[in-house]
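The chain contents come next:
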Amino acid sequence: MKKALIIGGGFAGCAAAHQIQLIGGWDVTLVERAPFLGGGVKTHWRGGHPFTFGPRHFLTPMEELFDYLNAIVPMRKLDHEFITYVEQDRNYYTFPIHKDDIPRMPDREQIEKEIAEAQQLKGWTAAKNFEEYWLSSIGKSLYGKMVDGYSRKMWQVESNAMLDDFGWSPKGVAIKEGPREGWDTAISAYPLAPDGYDHYFDVATAGTTVKLKTEIEAFDIQNKRVQIAGEWHSYDLIVNTVSPDMLLNYAYGELPYVGREFMTIILPTEYAFPDKVYFTYYAGDEPYTRIVEYKKFTQHQSPSTLIGIEIPSHKNKLYPMPIKKEIARAYQYFDDLPDGVVSMGRAGSYKYIDIDDIIWQAMKMAEELKGGGFSHPVPVYGADQSAPNLLTQKMVEANIVPGGSGTASE
Ligand SMILES: Cc1cc2nc3c(=O)[nH]c(=O)nc-3n(C[C@H](O)[C@H](O)[C@H](O)COP(=O)(O)OP(=O)(O)OC[C@H]3O[C@@H](n4cnc5c(N)ncnc54)[C@H](O)[C@@H]3O)c2cc1C
(Lines give C-alpha, C1' and ligand atoms only; values in the text may rest on other atoms or scores of the structure.)
Protein backbone atom coordinates (compact mmCIF):
# COMPACT_ATOMS: atom_id res chain seq x y z
CA MET A 1 0.00 0.00 0.00
CA LYS A 2 1.27 3.49 -0.83
CA LYS A 3 2.07 5.74 2.11
CA ALA A 4 0.91 9.33 2.59
CA LEU A 5 1.93 11.81 5.27
CA ILE A 6 -0.16 14.86 6.18
CA ILE A 7 1.57 17.61 8.16
CA GLY A 8 -0.87 19.59 10.31
CA GLY A 9 -4.31 18.54 11.50
CA GLY A 10 -6.25 21.79 11.01
CA PHE A 11 -9.15 22.00 8.56
CA ALA A 12 -6.75 21.55 5.65
CA GLY A 13 -5.04 18.45 7.04
CA CYS A 14 -8.37 16.84 7.97
CA ALA A 15 -10.00 17.68 4.61
CA ALA A 16 -6.96 16.24 2.82
CA ALA A 17 -7.12 13.04 4.92
CA HIS A 18 -10.81 12.66 4.07
CA GLN A 19 -10.31 13.05 0.34
CA ILE A 20 -7.39 10.58 0.25
CA GLN A 21 -9.43 8.06 2.26
CA LEU A 22 -12.29 8.48 -0.21
CA ILE A 23 -9.94 7.47 -3.03
CA GLY A 24 -8.88 4.41 -1.01
CA GLY A 25 -5.73 2.32 -1.20
CA TRP A 26 -3.55 4.69 0.84
CA ASP A 27 -1.95 4.21 4.24
CA VAL A 28 -2.31 7.74 5.67
CA THR A 29 -0.55 9.22 8.71
CA LEU A 30 -1.32 12.72 10.00
CA VAL A 31 0.95 14.55 12.45
CA GLU A 32 -0.41 17.41 14.49
CA ARG A 33 1.56 19.50 16.97
CA ALA A 34 -1.45 20.33 19.21
CA PRO A 35 -3.25 17.84 21.46
CA PHE A 36 -6.38 18.06 19.25
CA LEU A 37 -7.47 18.13 15.61
CA GLY A 38 -9.13 21.09 13.88
CA GLY A 39 -6.56 23.86 14.39
CA GLY A 40 -8.31 27.21 14.66
CA VAL A 41 -11.72 25.69 13.90
CA LYS A 42 -11.78 23.35 16.93
CA THR A 43 -14.52 24.18 19.45
CA HIS A 44 -13.41 25.23 22.94
CA TRP A 45 -15.59 25.97 25.97
CA ARG A 46 -15.80 28.74 28.53
CA GLY A 47 -18.46 28.90 31.24
CA GLY A 48 -20.47 26.34 29.27
CA HIS A 49 -20.30 28.49 26.09
CA PRO A 50 -18.79 26.99 22.93
CA PHE A 51 -16.44 29.11 20.81
CA THR A 52 -13.69 28.85 18.22
CA PHE A 53 -10.53 30.95 17.92
CA GLY A 54 -12.13 33.66 15.74
CA PRO A 55 -15.61 33.33 14.21
CA ARG A 56 -15.06 30.54 11.60
CA HIS A 57 -18.53 30.59 10.11
CA PHE A 58 -18.79 28.72 6.84
CA LEU A 59 -18.93 31.13 3.89
CA THR A 60 -19.30 30.04 0.31
CA PRO A 61 -20.96 30.84 -2.98
CA MET A 62 -20.48 27.16 -3.92
CA GLU A 63 -23.55 25.09 -3.07
CA GLU A 64 -21.69 21.80 -3.59
CA LEU A 65 -19.12 22.68 -0.89
CA PHE A 66 -21.92 23.54 1.51
CA ASP A 67 -23.62 20.20 0.68
CA TYR A 68 -20.40 18.28 1.37
CA LEU A 69 -19.84 19.80 4.80
CA ASN A 70 -23.52 19.96 5.70
CA ALA A 71 -23.83 16.20 5.11
CA ILE A 72 -21.23 15.60 7.86
CA VAL A 73 -21.96 18.48 10.23
CA PRO A 74 -25.50 19.76 9.56
CA MET A 75 -25.51 23.55 9.55
CA ARG A 76 -27.95 26.43 9.97
CA LYS A 77 -27.78 29.28 7.49
CA LEU A 78 -27.13 32.72 8.94
CA ASP A 79 -28.30 36.17 8.06
CA HIS A 80 -25.97 38.73 9.60
CA GLU A 81 -24.57 42.21 9.37
CA PHE A 82 -21.01 43.35 9.94
CA ILE A 83 -20.68 46.73 11.59
CA THR A 84 -17.61 48.92 12.03
CA TYR A 85 -17.10 51.37 14.86
CA VAL A 86 -15.64 54.71 13.78
CA GLU A 87 -14.35 56.59 16.79
CA GLN A 88 -14.03 59.96 15.00
CA ASP A 89 -17.79 59.89 14.28
CA ARG A 90 -18.65 58.03 17.50
CA ASN A 91 -20.84 55.86 15.36
CA TYR A 92 -21.23 52.37 13.91
CA TYR A 93 -21.60 51.86 10.18
CA THR A 94 -22.29 48.77 8.09
CA PHE A 95 -19.36 47.05 6.40
CA PRO A 96 -18.91 46.62 3.41
CA ILE A 97 -19.42 50.40 3.27
CA HIS A 98 -23.11 50.97 2.64
CA LYS A 99 -24.49 53.80 0.52
CA ASP A 100 -27.29 54.52 3.01
CA ASP A 101 -24.79 55.22 5.82
CA ILE A 102 -23.09 58.12 4.05
CA PRO A 103 -25.92 60.60 4.78
CA ARG A 104 -25.41 59.79 8.49
CA MET A 105 -21.74 60.82 8.41
CA PRO A 106 -20.84 64.32 9.68
CA ASP A 107 -18.54 64.97 6.68
CA ARG A 108 -21.04 63.58 4.14
CA GLU A 109 -20.75 66.53 1.74
CA GLN A 110 -16.99 66.19 1.43
CA ILE A 111 -17.33 62.39 1.06
CA GLU A 112 -19.89 62.69 -1.70
CA LYS A 113 -17.70 65.21 -3.53
CA GLU A 114 -14.69 62.88 -3.29
CA ILE A 115 -16.67 59.86 -4.48
CA ALA A 116 -17.97 61.82 -7.48
CA GLU A 117 -14.39 62.86 -8.34
CA ALA A 118 -13.16 59.29 -7.98
CA GLN A 119 -15.95 58.06 -10.27
CA GLN A 120 -14.91 60.54 -12.89
CA LEU A 121 -11.19 59.83 -12.70
CA LYS A 122 -11.49 56.03 -12.41
CA GLY A 123 -7.98 55.94 -10.95
CA TRP A 124 -8.62 52.57 -9.32
CA THR A 125 -8.14 50.83 -12.66
CA ALA A 126 -4.40 51.60 -12.45
CA ALA A 127 -3.99 51.21 -8.68
CA LYS A 128 -0.72 49.54 -7.72
CA ASN A 129 -1.46 48.91 -4.08
CA PHE A 130 -4.24 48.66 -1.57
CA GLU A 131 -4.03 52.29 -0.51
CA GLU A 132 -4.13 53.62 -4.07
CA TYR A 133 -7.06 51.39 -4.88
CA TRP A 134 -9.16 52.64 -2.00
CA LEU A 135 -8.15 56.30 -2.25
CA SER A 136 -8.97 56.39 -5.93
CA SER A 137 -12.17 54.43 -5.37
CA ILE A 138 -13.85 56.14 -2.42
CA GLY A 139 -11.69 59.20 -1.71
CA LYS A 140 -9.60 60.30 1.24
CA SER A 141 -12.31 60.95 3.85
CA LEU A 142 -14.12 57.63 3.64
CA TYR A 143 -10.83 55.74 3.29
CA GLY A 144 -9.50 57.45 6.42
CA LYS A 145 -12.65 56.67 8.36
CA MET A 146 -13.43 53.09 7.35
CA VAL A 147 -10.39 51.44 5.80
CA ASP A 148 -6.98 52.96 6.51
CA GLY A 149 -6.60 52.40 10.26
CA TYR A 150 -8.33 49.05 10.23
CA SER A 151 -6.18 47.62 7.49
CA ARG A 152 -2.90 48.92 8.97
CA LYS A 153 -3.87 47.37 12.29
CA MET A 154 -5.04 44.11 10.70
CA TRP A 155 -1.79 43.64 8.77
CA GLN A 156 0.47 45.41 11.30
CA VAL A 157 1.94 47.64 8.59
CA GLU A 158 2.86 51.33 8.70
CA SER A 159 1.20 52.06 5.39
CA ASN A 160 -1.36 50.25 3.28
CA ALA A 161 0.79 51.11 0.26
CA MET A 162 2.90 48.13 1.38
CA LEU A 163 0.00 45.79 0.54
CA ASP A 164 0.44 45.33 -3.17
CA ASP A 165 -1.16 41.97 -3.86
CA PHE A 166 -4.59 42.41 -5.36
CA GLY A 167 -6.43 39.13 -5.61
CA TRP A 168 -9.21 40.86 -7.50
CA SER A 169 -9.79 43.19 -10.43
CA PRO A 170 -10.91 46.59 -9.23
CA LYS A 171 -14.47 47.06 -10.33
CA GLY A 172 -15.06 50.63 -9.27
CA VAL A 173 -16.49 52.29 -6.22
CA ALA A 174 -16.56 49.72 -3.44
CA ILE A 175 -19.80 50.82 -1.84
CA LYS A 176 -22.63 48.43 -1.28
CA GLU A 177 -26.28 49.15 -2.00
CA GLY A 178 -29.39 47.14 -1.11
CA PRO A 179 -29.51 44.75 1.85
CA ARG A 180 -27.17 45.45 4.74
CA GLU A 181 -26.55 41.79 5.48
CA GLY A 182 -23.03 40.56 4.67
CA TRP A 183 -22.77 37.61 2.26
CA ASP A 184 -26.36 38.16 1.19
CA THR A 185 -25.64 36.62 -2.20
CA ALA A 186 -23.69 33.63 -0.84
CA ILE A 187 -24.10 31.02 1.89
CA SER A 188 -23.11 31.84 5.44
CA ALA A 189 -23.66 28.98 7.87
CA TYR A 190 -22.56 27.43 11.16
CA PRO A 191 -22.90 23.85 12.48
CA LEU A 192 -25.99 23.03 14.56
CA ALA A 193 -24.09 20.78 17.00
CA PRO A 194 -22.83 22.47 20.18
CA ASP A 195 -19.31 21.24 19.38
CA GLY A 196 -19.40 22.96 15.99
CA TYR A 197 -17.21 21.32 13.34
CA ASP A 198 -15.54 18.81 15.71
CA HIS A 199 -17.42 15.79 14.35
CA TYR A 200 -16.04 16.61 10.89
CA PHE A 201 -12.48 16.18 12.12
CA ASP A 202 -13.30 12.69 13.45
CA VAL A 203 -15.14 11.62 10.30
CA ALA A 204 -12.47 13.07 8.01
CA THR A 205 -9.63 11.25 9.77
CA ALA A 206 -11.37 7.87 10.23
CA GLY A 207 -8.95 5.28 8.85
CA THR A 208 -5.98 7.69 9.18
CA THR A 209 -3.28 7.17 11.80
CA VAL A 210 -3.40 10.43 13.77
CA LYS A 211 -0.36 11.38 15.84
CA LEU A 212 -1.24 14.28 18.13
CA LYS A 213 1.36 16.30 20.05
CA THR A 214 3.80 15.34 17.32
CA GLU A 215 6.10 17.45 15.18
CA ILE A 216 8.44 16.60 12.34
CA GLU A 217 11.98 16.83 13.68
CA ALA A 218 13.86 16.99 10.38
CA PHE A 219 13.01 17.09 6.68
CA ASP A 220 14.65 15.51 3.65
CA ILE A 221 11.88 16.80 1.42
CA GLN A 222 13.59 16.05 -1.92
CA ASN A 223 13.42 12.34 -1.00
CA LYS A 224 10.04 12.65 0.72
CA ARG A 225 11.59 11.56 4.02
CA VAL A 226 10.91 13.01 7.46
CA GLN A 227 12.13 12.30 10.96
CA ILE A 228 9.46 11.64 13.59
CA ALA A 229 10.36 10.60 17.17
CA GLY A 230 13.97 9.98 16.17
CA GLU A 231 13.14 7.71 13.19
CA TRP A 232 13.25 8.46 9.47
CA HIS A 233 10.16 7.54 7.40
CA SER A 234 9.68 7.64 3.60
CA TYR A 235 6.41 8.50 1.88
CA ASP A 236 4.94 8.35 -1.64
CA LEU A 237 2.89 11.48 -0.97
CA ILE A 238 3.37 14.35 1.48
CA VAL A 239 0.56 16.87 2.00
CA ASN A 240 1.90 19.88 3.85
CA THR A 241 -0.51 22.33 5.52
CA VAL A 242 1.97 24.40 7.53
CA SER A 243 4.30 27.20 6.44
CA PRO A 244 6.33 25.86 3.47
CA ASP A 245 9.58 27.57 4.54
CA MET A 246 9.99 24.96 7.28
CA LEU A 247 10.10 22.07 4.77
CA LEU A 248 13.18 23.53 3.10
CA ASN A 249 14.93 24.69 6.25
CA TYR A 250 14.14 28.38 5.63
CA ALA A 251 16.53 28.42 2.65
CA TYR A 252 14.99 31.64 1.26
CA GLY A 253 14.28 33.22 4.65
CA GLU A 254 11.26 33.02 6.94
CA LEU A 255 7.84 33.87 5.46
CA PRO A 256 6.11 36.64 7.41
CA TYR A 257 2.61 36.32 8.86
CA VAL A 258 0.34 38.23 11.22
CA GLY A 259 -1.27 36.36 14.09
CA ARG A 260 -3.84 37.05 16.78
CA GLU A 261 -4.11 37.16 20.53
CA PHE A 262 -7.54 35.98 21.55
CA MET A 263 -9.54 36.73 24.69
CA THR A 264 -13.01 35.61 25.75
CA ILE A 265 -15.32 37.41 28.16
CA ILE A 266 -18.64 36.26 29.61
CA LEU A 267 -21.16 39.05 30.00
CA PRO A 268 -24.21 39.04 32.31
CA THR A 269 -26.76 39.56 29.57
CA GLU A 270 -28.59 37.19 27.25
CA TYR A 271 -27.29 38.95 24.12
CA ALA A 272 -24.83 41.82 23.86
CA PHE A 273 -25.18 42.82 20.20
CA PRO A 274 -28.28 43.94 18.25
CA ASP A 275 -30.35 41.31 16.46
CA LYS A 276 -28.46 40.62 13.21
CA VAL A 277 -25.07 41.83 14.37
CA TYR A 278 -22.63 38.97 15.01
CA PHE A 279 -19.40 40.95 14.58
CA THR A 280 -18.21 44.45 15.28
CA TYR A 281 -15.03 45.74 13.65
CA TYR A 282 -12.90 48.58 15.01
CA ALA A 283 -11.39 50.95 12.47
CA GLY A 284 -9.37 53.20 14.79
CA ASP A 285 -6.46 52.92 17.18
CA GLU A 286 -8.15 50.47 19.56
CA PRO A 287 -5.80 47.48 19.99
CA TYR A 288 -8.44 45.01 18.77
CA THR A 289 -9.73 44.45 15.24
CA ARG A 290 -12.90 42.56 15.93
CA ILE A 291 -15.34 41.50 18.65
CA VAL A 292 -17.57 38.50 18.01
CA GLU A 293 -20.63 37.31 19.91
CA TYR A 294 -20.36 33.53 19.66
CA LYS A 295 -23.88 32.82 20.84
CA LYS A 296 -25.16 34.30 17.59
CA PHE A 297 -23.51 31.39 15.76
CA THR A 298 -23.90 28.62 18.30
CA GLN A 299 -27.35 29.59 19.68
CA HIS A 300 -26.17 28.25 23.01
CA GLN A 301 -28.99 28.59 25.58
CA SER A 302 -27.80 30.62 28.55
CA PRO A 303 -28.73 33.77 30.51
CA SER A 304 -25.17 35.00 29.85
CA THR A 305 -23.32 35.58 26.60
CA LEU A 306 -19.75 35.08 25.42
CA ILE A 307 -17.74 37.47 23.31
CA GLY A 308 -14.29 36.99 21.80
CA ILE A 309 -11.81 39.79 21.24
CA GLU A 310 -9.09 39.54 18.57
CA ILE A 311 -5.89 41.54 18.88
CA PRO A 312 -3.25 41.45 16.10
CA SER A 313 0.06 40.00 17.20
CA HIS A 314 3.14 38.25 15.91
CA LYS A 315 2.90 35.35 18.35
CA ASN A 316 1.32 32.97 15.85
CA LYS A 317 1.14 32.60 12.06
CA LEU A 318 -2.44 33.04 10.89
CA TYR A 319 -2.51 35.56 8.04
CA PRO A 320 0.01 35.33 5.15
CA MET A 321 1.02 38.84 4.06
CA PRO A 322 -0.61 40.16 0.83
CA ILE A 323 2.75 41.48 -0.37
CA LYS A 324 4.11 40.42 -3.77
CA LYS A 325 7.71 40.11 -2.59
CA GLU A 326 6.67 37.65 0.13
CA ILE A 327 4.38 35.70 -2.19
CA ALA A 328 7.30 35.40 -4.59
CA ARG A 329 9.38 34.07 -1.69
CA ALA A 330 6.67 31.47 -0.98
CA TYR A 331 6.85 30.50 -4.66
CA GLN A 332 10.57 29.90 -4.36
CA TYR A 333 9.69 27.28 -1.78
CA PHE A 334 6.84 25.81 -3.83
CA ASP A 335 9.06 25.62 -6.90
CA ASP A 336 11.61 23.54 -4.99
CA LEU A 337 9.10 20.92 -3.85
CA PRO A 338 9.56 17.59 -5.61
CA ASP A 339 6.79 15.61 -7.33
CA GLY A 340 4.47 14.04 -4.79
CA VAL A 341 4.62 16.94 -2.31
CA VAL A 342 1.53 19.11 -2.12
CA SER A 343 1.21 22.26 -0.02
CA MET A 344 -2.27 23.50 0.88
CA GLY A 345 -4.35 25.25 3.55
CA ARG A 346 -3.86 28.85 4.63
CA ALA A 347 -0.20 28.76 5.63
CA GLY A 348 0.56 25.92 3.23
CA SER A 349 -0.64 27.98 0.23
CA TYR A 350 0.61 31.25 1.71
CA LYS A 351 -2.76 32.71 0.82
CA TYR A 352 -5.60 34.37 2.72
CA ILE A 353 -8.15 31.60 2.15
CA ASP A 354 -11.17 30.32 4.02
CA ILE A 355 -12.65 26.96 5.01
CA ASP A 356 -14.51 26.49 1.71
CA ASP A 357 -11.38 27.23 -0.35
CA ILE A 358 -9.57 24.65 1.74
CA ILE A 359 -12.18 21.95 1.12
CA TRP A 360 -11.98 22.81 -2.57
CA GLN A 361 -8.19 22.48 -2.46
CA ALA A 362 -8.46 19.04 -0.83
CA MET A 363 -10.91 17.92 -3.53
CA LYS A 364 -8.67 19.27 -6.27
CA MET A 365 -5.62 17.58 -4.72
CA ALA A 366 -7.46 14.23 -4.61
CA GLU A 367 -8.70 14.60 -8.18
CA GLU A 368 -5.13 15.18 -9.38
CA LEU A 369 -3.82 12.35 -7.22
CA LYS A 370 -6.35 10.01 -8.81
CA GLY A 371 -5.38 11.35 -12.22
CA GLY A 372 -1.76 10.43 -11.56
CA GLY A 373 0.00 13.80 -11.14
CA PHE A 374 -0.16 17.30 -9.71
CA SER A 375 -0.25 20.33 -11.98
CA HIS A 376 1.28 22.50 -9.23
CA PRO A 377 2.28 21.82 -5.60
CA VAL A 378 -0.46 24.26 -4.48
CA PRO A 379 -3.95 23.17 -5.57
CA VAL A 380 -6.01 26.18 -6.79
CA TYR A 381 -3.32 27.58 -9.03
CA GLY A 382 -3.10 26.01 -12.47
CA ALA A 383 0.25 24.98 -13.88
CA ASP A 384 0.57 28.49 -15.31
CA GLN A 385 -0.66 29.97 -12.04
CA SER A 386 -3.35 31.87 -13.89
CA ALA A 387 -6.32 29.75 -12.89
CA PRO A 388 -9.12 31.75 -11.33
CA ASN A 389 -8.51 32.76 -7.79
CA LEU A 390 -11.29 31.13 -5.82
CA LEU A 391 -11.26 33.70 -3.10
CA THR A 392 -11.63 36.52 -5.57
CA GLN A 393 -14.49 34.88 -7.37
CA LYS A 394 -16.21 34.29 -4.08
CA MET A 395 -15.82 37.87 -2.92
CA VAL A 396 -16.96 39.35 -6.19
CA GLU A 397 -19.98 37.07 -6.36
CA ALA A 398 -20.87 37.87 -2.79
CA ASN A 399 -20.41 41.58 -3.44
CA ILE A 400 -17.89 41.77 -0.64
CA VAL A 401 -14.71 43.73 -0.67
CA PRO A 402 -11.73 41.41 -1.25
CA GLY A 403 -10.27 39.31 1.54
CA GLY A 404 -6.78 40.49 0.66
CA SER A 405 -7.88 43.86 1.89
CA GLY A 406 -8.15 42.69 5.46
CA THR A 407 -11.73 43.80 5.66
CA ALA A 408 -14.80 42.03 6.85
CA SER A 409 -14.46 38.67 5.12
CA GLU A 410 -13.69 36.59 8.17
C1 LIG B 1 -9.10 34.52 13.47
C2 LIG B 1 -9.56 33.80 12.23
C3 LIG B 1 -10.91 33.75 11.91
C4 LIG B 1 -11.33 33.08 10.78
N5 LIG B 1 -12.67 33.04 10.49
C6 LIG B 1 -13.09 32.35 9.39
C7 LIG B 1 -14.46 32.30 9.07
O8 LIG B 1 -15.30 32.89 9.75
N9 LIG B 1 -14.82 31.56 7.98
C10 LIG B 1 -13.92 30.91 7.20
O11 LIG B 1 -14.31 30.24 6.23
N12 LIG B 1 -12.64 30.99 7.48
C13 LIG B 1 -12.20 31.68 8.55
N14 LIG B 1 -10.88 31.74 8.83
C15 LIG B 1 -9.97 31.05 7.94
C16 LIG B 1 -10.05 29.55 8.12
O17 LIG B 1 -10.49 29.22 9.40
C18 LIG B 1 -8.69 29.02 7.86
O19 LIG B 1 -8.37 29.32 6.52
C20 LIG B 1 -8.60 27.51 8.05
O21 LIG B 1 -9.12 27.11 9.26
C22 LIG B 1 -7.14 27.17 7.93
O23 LIG B 1 -6.98 25.79 8.10
P24 LIG B 1 -5.54 25.22 8.05
O25 LIG B 1 -5.62 23.77 8.33
O26 LIG B 1 -4.86 25.67 6.80
O27 LIG B 1 -4.76 25.98 9.21
P28 LIG B 1 -4.86 25.85 10.79
O29 LIG B 1 -6.25 25.80 11.28
O30 LIG B 1 -3.98 26.93 11.31
O31 LIG B 1 -4.21 24.44 11.07
C32 LIG B 1 -2.85 24.20 10.96
C33 LIG B 1 -2.55 23.07 11.92
O34 LIG B 1 -1.19 22.69 11.80
C35 LIG B 1 -0.65 22.50 13.08
N36 LIG B 1 0.78 22.75 12.99
C37 LIG B 1 1.43 23.94 12.83
N38 LIG B 1 2.74 23.72 12.73
C39 LIG B 1 2.93 22.38 12.86
C40 LIG B 1 4.06 21.55 12.82
N41 LIG B 1 5.29 22.07 12.68
N42 LIG B 1 3.90 20.22 12.95
C43 LIG B 1 2.66 19.69 13.11
N44 LIG B 1 1.53 20.43 13.14
C45 LIG B 1 1.68 21.76 13.01
C46 LIG B 1 -1.37 23.52 13.95
O47 LIG B 1 -1.34 23.12 15.32
C48 LIG B 1 -2.78 23.47 13.36
O49 LIG B 1 -3.60 22.51 13.98
C50 LIG B 1 -10.40 32.43 9.95
C51 LIG B 1 -9.05 32.49 10.26
C52 LIG B 1 -8.63 33.17 11.38
C53 LIG B 1 -7.16 33.20 11.69
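As the structure is a prediction and not an experimental result, all values here were calculated from the model.

A. Main features of the domain arrangement of the chain. Split into domains, the chain comes out as domain 1 (2-42 + 197-254 + 321-379) and domain 2 (61-192 + 257-320). Just the C-alpha atoms count here: the centres of domain 1 and domain 2 sit 30 Å apart. Opposite the 18 residues of domain 1 that make contact, domain 2 presents 16 residues. Residues belonging to the side of domain 1 that touches domain 2 are distributed by class as follows: 12 nonpolar, two polar and four charged.

B. Looking closely at the environment of Gly373. Structurally, Gly373 is set in the loop between helix 10 (355-371) and helix 11 (390-397). Separated by 34 residues in sequence, Gly373 and Asp339 have C-alpha atoms that sit 8.0 Å apart.

C. Broad picture of the site of the ligand. The environment of the ligand is made up of 35 residues, and the closest members are Gly8, Gly10, Gly39, Gly54 and Gly345. Of all the secondary-structure elements, those providing two or more residues to the shell around the ligand are helix 1 (11-23), strand 5 (58-60), helix 9 (345-349) and helix 10. Here the shell around the ligand is built from residues that sort into 16 nonpolar, 10 polar and nine charged. When residues of the shell around the ligand are assigned to domains, at least three fall in each of domain 1 (2-42 + 197-254 + 321-379) and domain 2 (61-192 + 257-320).

D. How the structure looks around helix 5 (residues 140-155). At Val147, helix 5 shows its largest bend, some 40 degrees. With 13 of its 16 residues buried, helix 5 lies for the most part within the structure. Two residues or fewer after helix 5 comes Gln156, characterised by a positive phi angle close to 55 degrees.

E. Summary view of the packing of helix 3 (residues 108-121) against helix 5. At a minimum axis separation of 7 Å, helix 3 and helix 5 run at an interaxial angle of 110 degrees. With respect to their mutual orientation, helix 3 and helix 5 come out roughly perpendicular. Contacts between helix 3 and helix 5 involve Gln110, Ile111 and Glu114 from the first element and Lys140, Ser141 and Leu142 from the second. For the contact of helix 3 with helix 5, the residue count by class is two nonpolar, two polar and two charged.

F. Structural detail: the sheet that holds strand 11 (residues 218-220). The strand order 11-12-13 describes an open sheet built from three strands, whose pairing is antiparallel. Of all the strands in the sheet, the pair left with one neighbour each is strand 11 and strand 13 (231-234). Going from strand to strand, the sheet's axes swing by 25 degrees on average, the running direction of each strand aside. Both strand 12 (residues 225-228) and strand 13 contribute to a ladder of four bridges, which runs antiparallel.

G. Quick peek at the pairing of strand 1 (residues 2-7). Here six bridges tie strand 1 to strand 2 (residues 26-31), and the two strands are oriented parallel to one another. Looking across to strand 2, one finds that Ile6 is bridged to Leu30. As for the winding sense of the linkage, the β-α-β connection from strand 1 through helix 1 to strand 2 is right-handed. Across four bridges, the pairing between strand 1 and strand 14 (residues 237-240) is parallel.

H. Quick peek at helix 8 (residues 324-336). Compared with an ideal rise of 1.5 Å per residue, which puts 13 residues at 18 Å, helix 8 spans 19 Å between its outermost C-alpha atoms and is within 8% of the ideal. All of the buried residues along helix 8 are Ala330, Tyr333 and Phe334. One face of helix 8 carries all of its buried residues, which in axial projection span an arc of 100 degrees. In helix 8, the exposed residues that point more than 90 degrees away from the buried face are Lys325, Ala328 and Asp335. Looking at the packing, one finds that the buried side of helix 8 touches strand 20 (341-343).

Cut-offs and rules
- Residues numbered from 1 in each chain as written.
- Predicted model: local features only at pLDDT ≥ 70, side-chain atom pairs only at ≥ 80, totals over all residues.
- Domains from an automatic or database assignment.
- Contact = placed C-beta atoms within 7 Å.
- Nonpolar A, V, L, I, M, F, W, Y, C, P; charged D, E, K, R; others polar.
- Helix = DSSP H or I, 4+ residues; strand = E, 2+ residues; numbered from the N terminus.
- Near = placed C-beta within 6 Å.
- Bend = angle between axes of the 7 residues up to and from the residue.
- Buried ≥ 20, exposed ≤ 12 C-beta atoms within 10 Å, placed from the backbone.
- Axes fitted to C-alpha atoms, helices over the stretch in contact; angles between N-to-C directions.
- Parallel < 35°, antiparallel > 145°, perpendicular 65-115°, else oblique.
- Pairing = 2+ DSSP bridges.
- Right-handed = clockwise from strand over helix to strand, strands pointing away.
- Expected span 1.5 Å × (residues − 1).
- Arc of directions from axis to C-beta.

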